[in-house]
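# Working through the structure, step by step
Chain by chain, the residues run as shown.
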Amino acid sequence: NILSRESDKNCYLVQGNYQYYHYGCDGFDDRGWGCGYRTLQTLCSWLNLNYKNINTVPSIKEIQEILVELEDKPKSFLGSRQWIGSFEVCLVIDKLYDVPCKIVHVNKGDELEKITDILKVHFTTFGSPIMMGGDVDCSSKGVMGVTVSERNNSLLIVDPHYFGKEQSKEFLKNKDWVKWQPLNDFLSTSFYNLCLPQVKAKKQI
């Protein structure tokens, strides 16, 4: 498995399969603003495959409609290019799947080390994928694993910013769209919010 670190026993990964959603993957060009939606879609695909299949992953339009229906956003949000973050992801997952999410806030990137134990417990207890967003570093990311070691803690990042048709695992890994990112590579000046769905994969769907 190209995503695991067999040499590192302190590696904790997402449990179950998911689909990789990224810019333009459904023919809709959302470059520059749609990364939060795409990460949410990746999380929804995991929920469909491993928890409760609602038959379809919501489109960007449908996600916006849900947030307006929940009165989190005004009607002017429909059809806009406004970003969404971890809080909106929590709302949509709760609405569609009746799954609560935990928000973990990190004041700045150089404090990410403080939450590695939280992530380790999450992947051990639930094994669901995590959405990560920030302010200065406003690029949404999927977090699919964590390594915990004395020297170099890292997050397994699935990046929704890829635009293209090539989706082989080897291509995505070689181009760093799926990669292990050391915690000291995140922006020290940015805060981060992480959305942790509090649900385990079911053995049978």
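Under an unreviewed UniProt entry, the protein has the name Putative Ufm1-specific protease and belongs to Papilio machaon.

### Some details on the overall build of the protein
When you go through the protein residue by residue, the secondary structure sums to five helices and seven strands. Secondary structure elements in the protein, listed N-terminal to C-terminal, are β-α-α-α-β-α-β-β-β-α-β-β. Its C-alpha atoms give the protein a radius of gyration of 16 Å, within 12% of the compact-globule value 17 Å for 205 residues. Considering only C-alpha atoms, the protein reaches an extent of 50 × 40 × 35 Å along its principal axes. Looking at the protein as a whole, 49% of its 205 residues are labelled buried. At a minimum sequence separation of 6, the contacts of the protein that also span at least 24 residues come to 68%. When the accessible surface of the protein is split by element, carbon and sulfur atoms take 47% of a total near 10500 Å². Here the protein contributes 24 positively and 25 negatively charged side chains, and the mean placements of these two sets differ by 4 Å.

### So, the pairing of strand 6 (residues 178-182)
Burial runs high along strand 6: four of the five residues are buried. Pairing analysis gives five bridges linking strand 5 (residues 154-158) to strand 6, with the strands arranged antiparallel. Paired with Ile157 across the bridge in strand 6 is Lys179.

### Comments concerning the pattern of salt bridges
According to the stated counting rule, one finds seven salt bridges in the structure shown. A salt bridge links Asp29 to Arg31, with the nearest nitrogen and oxygen atoms 2.7 Å apart. Residue Arg31 is classed as partly exposed on the basis of its relative accessible area, which comes to 44%. Across the salt bridge formed by Asp72 and Lys73, the nearest N and O atoms sit 3.8 Å from each other. The exposure class assigned to Lys73 is buried, which follows from its relative accessible area of 17%. Within this structure, Asp26, Asp30 and Arg38 form a network of salt bridges that share partners.

Basis of the calculations
- Residues numbered from 1 in each chain as written.
- Predicted model: local features only at pLDDT ≥ 70, side-chain atom pairs only at ≥ 80, totals over all residues.
- Heavy atoms only, no water.
- Helix = DSSP H or I, 4+ residues; strand = E, 2+ residues; numbered from the N terminus.
- Rg over C-alpha atoms; globule rule 2.2 N^0.38 Å.
- Buried < 20%, exposed > 50% of the residue type's maximum accessible area, 1.4 Å probe, protein only.
- Contact = heavy atoms within 4.5 Å.
- Areas by Shrake-Rupley, 256 points an atom, 1.4 Å probe, with all protein chains shown as cover.
- Lys, Arg positive; Asp, Glu negative; His and termini not counted.
- Charge placed at Lys NZ, Arg CZ, Asp CG, Glu CD.
- Pairing = 2+ DSSP bridges.
- Salt bridge = Lys/Arg side-chain N within 4 Å of Asp/Glu carboxyl O.

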